[in-house]
Amino acid sequence: MADPLVETKLLLPRPRREVVLRPRLADLLRRGSHGPVTLISAPAGFGKTTLLASWFATAPSTPDDDHLVAWVSLDERDREATSFWTYVLLALDRAVPGSGAAALTLLQSGQAPVETVLAGVVNELSVHSGEVTVVLDDYHLADGVDVAAGMTFLVDHQPPQLRLVIGTRADPALPLSRLRARGELVEIRATDLRFTVEEVSSYLNDLNGFDLTAADLAALEARTEGWVAALQLAALSLRDRDDRTSFIAGFAGDDRFVVDYLADEVLSRQPDDVRRFLLDTSILDRLTGSLCDAVSPLPERAGGRSGRAMLEALDRANLFLVPLDGHRSWYRYHHLFGDVLHAHLLEERPGDVPDLHRRAAGWYAEAGQTEAAVRHALAGGDAERAADLVELTFRTLGRERREDLIRRWAHEVPDEIVRDRPVLAIALIGGLMASNEFDGVDLRLDHVEQLLAKPATDLVVVDRDELPRVPASVKMYRAALALIGGDPADAITRAEQAIEAAVDGDDLVTGAAAALSGLASWTTGDIASAHASYTTSIPALTRAGHIADVLGCSIAMADMELRLGQLREAERTFSQALELAEANAPAGSRGMRGTADMLVGLSRTAWYRNDLAAVAEYLRRSDELGEAASLPQNPYRWSVGMARLRAAEGDLSTALELLGEAERVYVADYSPNVQPVHATRARVLAARGDLAEARAWARQHQVATDDELSYLREYEHITLARVLLAEHAATGSRQTLQDAAALLDRLLAAAEDGGRMGTMIELEVLRAVAHHAGGARGESLEALGHAVELAQADGWVRVFVDAAPVLTDLLRELATSQPQSGYARELLAAVTAAGSAAGGAGPGTAPAPRPVVGLVDPLSDRELDVLRLLGSDLDGPAIARRLVVSLNTVRTHTKHIYTKLGVNNRRAAISKAHQLDLLSRSGNR
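Every value quoted in this text rests on a predicted model; they were computed, and no experiment measured them.

1. Things to note about the pattern of salt bridges
Then, in step 1: Inspection of every chain in the model, using the stated rule, returns 62 salt bridges.
Then, in step 2: Between arginine 22 and glutamate 199 there is a salt bridge, with the nearest N and O atoms lying 3.2 Å from each other. Of this pair, arginine 22 sits in the segment before α1 (23-32) while glutamate 199 sits in helix α9 (residues 197-207), and the two are 177 residues apart along the sequence. Glutamate 199 carries the same exposure label as arginine 22, and that label is buried.
Then, in step 3: Arginine 695 is the partner of glutamate 727 in a salt bridge, and the nearest nitrogen-oxygen pair spans 2.8 Å. Here glutamate 727 is found in helix α37 (residues 714-731), whereas its partner arginine 695 is found in helix α36 (residues 691-700), with 32 residues between them in sequence.
Then, in step 4: Classification of arginine 695 as partly exposed rests on a relative accessible area of 28%.

In C-alpha cells form, the structure reads like this:
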C-alpha cells in the first residue's frame, strides 16, 4: 500500500515541560502576529522550534476562535512542490475548514500551475472573518526553486487574514528586501535567540538547580555565546559533577567545537546500552518503539530496555528528544543532536551504518510504508532490495495514483540495477509517463525491448508473473508517446498491438491501451470507434482495480453516447459508474473522488429528458459531497449543469453568471474539449437577444459558416447556426437565414456520416426552425418529423422544448399523423407545459416564479450583495471596494452567510445559493 500521510508533520510539537520565560522574544512574536511575515532565521541549536512551539501552544486552535494556527514540520522530501503544498493546504484546511480542500484537489490533479491552485486559497481566506497563521518549521529543508515560486506568489498576494511564520537555518529565497522595506517583515535572528546572562541563570540555576555562581554563569554565557544547544549540553554534562567550576573553565572555542566537546561529554557519560541506542537510531528521521527495536535490537544492547522504554527514559531525561504527537508514541531527535549522533556513528562504526539502514528498511517494508523502506534500502547500499520493493508494489501504487513516487524512484534507483530488470524498468517508465515526463522514455523503452530479447534466465525478475506482461506494456507506452506526439493513427495501431500482445488477465494494459485508442479516435472525430474502445476499456480497468480511471473514462464514454443519440446508454454508464464509486468509497468519507462528477453527469441526462426536478436533485447531491469526492473538472461541470437548469427555467441572466463562473474555474483534462463553455455561453446570449455579444464570440473564436467542418468544433458551429437564427428572428435578414440553413445542411451531412444521432436530432430541430422561418412548411415538417423519429427511442425532450413556441403548431400537426403521432403528442404536452410554466413565452422572456426553499434565517439585502460577489474572482479587499464598505464588514457578512447556508467556503456558498435560487433574486431586487 502507499505510504500514509505523516500526520505528525501537521501537529504542533509539544513544548518542553519547563522552559525559560523570554518576554523579549514574546514581544517580537507579538509584533509578528500583526504583520504578514515573521522570519526566525538562525543556525541549528538556537531554539527556533522550541520558541515557536511554546508561543503557539497557547494560540486558539478551533474554528470558532479568532486566530488559528496551521503547523507544518517540513523535511527534505518536501522540496518537491506537490508534497510541500499538500501538507500546507491540509494544515490550512484543518485550521480553516473549507479553505484548502478545492485547492488540494486541483493540486493533486497535476493539471494546474501552483499559482492557480494558490489563487483559490487566497480568495477563500480573503473573506474569512478570523486570522490564521501558517507556521513552516525547518523551512530550509524544503526551500528550492519549485517551492520558492509558489511561496513568492503567496507572499505577493497574501490576504490580510494570513500570517506566515518561517523557521529556518538559512534565509529563504523570498523577496525579503521588499518586505523589509515595506515594514512587513519581523525578523528574529541568532543575536535575538542567544541567552542573556539572566536567562542562562534562569535555565541552569532555577530550572536545573545547579546553584552556579555569577562568575560561572558569566563564563558559561561567554563560552557558549548564549547558544541554547550548547547550554543544554552543558546542563547535561554538569549533572552529578562536584567540579563544576573547573569543568566550565575547561572548554572554549567556536560554536561547533563547543557542541562537539559537550556532546562528547554527554555521550561519554551514558550507559553503554543508551549510547549504542542513540547512535543506532540516529539514522532515523522519526522514532517509535518497535522501529527502534528493529534497528537497535535488545540482544545487541545490554540493559534489557525496549525501544519504547528507552524513548520514554530519554524523554524524561530531556536528552534532545522532541515528541511528535500527544501520546508520545513518535519522536525525533533535535536536529543538531541528531547530526552529532550520526557523525559519531559514522566515525566510530562506519561499517554498521548500511546494516542499520537495512534493518530500518525491513521494518518499514513490513509496516507497508514502501517509500521509507526504499529510501533506507538505498541509503544502506541495498539497491537490489529497493528494486524488489518497487517491483512488488508498483501495481498497488498505480491504483492509488502514487505515480509521482514511482517517478522519483526512476531518478534514484541506479541504472546498473535497472539494467537487467525489465519489470522494474517498465514500472519506472509508467511513473514517468503518468507524471508527464516524456524525455528519454523512448530510449528506456528501447532498453526494455533489448532486455526482452535475452533469455529469461539472464533477467532479474522478482515476480515472474509480471514478466509476460512487459511486451504489451511497451507497446502501450509507445501508443501513448504517439498520441502525445500528435499522431493519432499511429497511436491507434500501437494500442491495438498492445491489446493483441496482452496476456490473459492483464486487464490494466488492455484497459489502458483501449482507452488510448479511444482517445485517439475521439480526437479525429470517429466517435463510433472511440466508443467501442471505451466499451472495452472500462470493464478491463474495473477488473484491474483502477476505479478512478474508470470514472474518468465513464464521463468520456457517456459524452460519446449522447452524441451518438444513446441517451439511455449514457444514463446507464453514469449510473453504473456511480454504483462503482459508492461501493469503493473509503471508510468514513462522503465518497471516493469522482463520485460527485457522476451525479453531475446524471443531471445532464435528466436535462435532455427535461426532468428539471431530477436535474436539481442530482446537482444538489453532487454539491453536498464536496470537493473531496470530485475530480478537478467537477466545479466547472457543476456550474454548466446549473446554468442549463436556470436557462431551462427562463433565468438567462443567472445562467450567464454561472457560465462565467464555469469559465473561471475551468480545468482541462486529456479528453478533447468538444463542448467549450464559451460556446454554451454564446447560446444563452443568443437566446436572451444579446446578438452583438454573440457575434463577437464567433469572431473571437474564429467560428465561421465557411469553415471546414470537424467533429471537434461541431458544437461551436451548431452554436453559430443558433446565433444566426436568432439574428434573423430579430432583423429579418434573408442572407443570415440562408447562411444558417446552409451551415445546418452541411453539419447534418457530417453528423449523419459520423453516425452522431444525438447531434442529428438537434440539427433537424434547428433545420425545422430555419425552414419555418423561410416559409417552407413542408420542409420544416419533414425535418421536425425526422427529429421526432430519432428522439423517440431514448426519450429526448429538451431540444424540442427549447424550440417552442416556433414549432408548437408543427408538433401539433405531427401529433395527428402517423407513425410519429404517439411520441409527438408526448413532446407537444411537454412543450405546452413548459410554455405554461414560462407564462406562454419563449426563451428570452422574464423568468417565471419558481418555488423557493426558504432559509430559517434569511439573508439580508447586504448579505445577498456580498454573496453575489463571492461568486466572482474578486478577493476580500476588492469586494469591500466594490460595495464601499470596510474589509471587516465583508468578513462579518461572509461569516453570517456561511452560517446561514451551512457551508464553509466560497464555492460551497455559491453552489448552495444557486440551488436555493438566491442569486437571481438578489439581482432582481
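From this point on, the discussion continues.
2. Let's talk about the sheet that holds strand β2 (residues 67-73)
Note: strands within a sheet are paired through backbone hydrogen bonds, in either parallel or antiparallel orientation.
Then, in step 1: Reading across from one edge, β2-β3-β4-β1-β5 is the order of the five strands in this open sheet, with parallel pairing throughout. Each edge of the open sheet is held by one strand with a lone partner, namely β2 and β5 (185-189). Between one strand axis and the next, the sheet turns by 15° as a mean value, whatever way the strands run.
Then, in step 2: The sheet contact formed by strand β1 (residues 37-41) and strand β4 (residues 162-168) spans five bridges and is parallel. By the bridge assignment for β4, leucine 39 is matched with isoleucine 166.
Then, in step 3: Of the strands in this sheet, β2 and β3 (131-137) are in contact with helix α3 (residues 81-95), which crosses β2 at around 155°.

3. Some points on α36
Then, in step 1: When we look at burial in α36, the residues that qualify are Leu691, Ala694, Trp697 and Ala698. Buried residues of α36, seen end-on, are gathered within an arc of 115° and therefore sit on one face of the element. Exposed side chains of α36 directed beyond 90 degrees from the buried face belong to Ala692, Arg699 and Gln700.
Then, in step 2: Those residues of α36 that are buried are in contact with α35 (677-688) and α37.

4. A look at the nonpolar core
Then, in step 1: Residues Leu314, Tyr333, Trp409, Trp522 and Phe800 are the most contacted members of the largest nonpolar core, which totals 199 residues.
Then, in step 2: The biggest single contributor to this core is helix α29 (residues 547-563), with 10 residues.
Then, in step 3: Dropping the residues within four chain positions of it, phenylalanine 800 is found in contact with Ile761, Val765, Leu784, Ala787, Val788, Ala791, Leu827 and Val831.

The rules behind each value
- Residues numbered from 1 in each chain as written.
- Predicted model: local features only at pLDDT ≥ 70, side-chain atom pairs only at ≥ 80, totals over all residues.
- Heavy atoms only, no water.
- Salt bridge = Lys/Arg side-chain N within 4 Å of Asp/Glu carboxyl O.
- Helix = DSSP H or I, 4+ residues; strand = E, 2+ residues; numbered from the N terminus.
- Buried < 20%, exposed > 50% of the residue type's maximum accessible area, 1.4 Å probe, protein only.
- Pairing = 2+ DSSP bridges.
- Axes fitted to C-alpha atoms, helices over the stretch in contact; angles between N-to-C directions.
- Contact = heavy atoms within 4.5 Å.
- Arc of directions from axis to C-beta.
- Core = buried A, V, L, I, M, F, W, Y, C linked by side-chain atoms within 4.5 Å.

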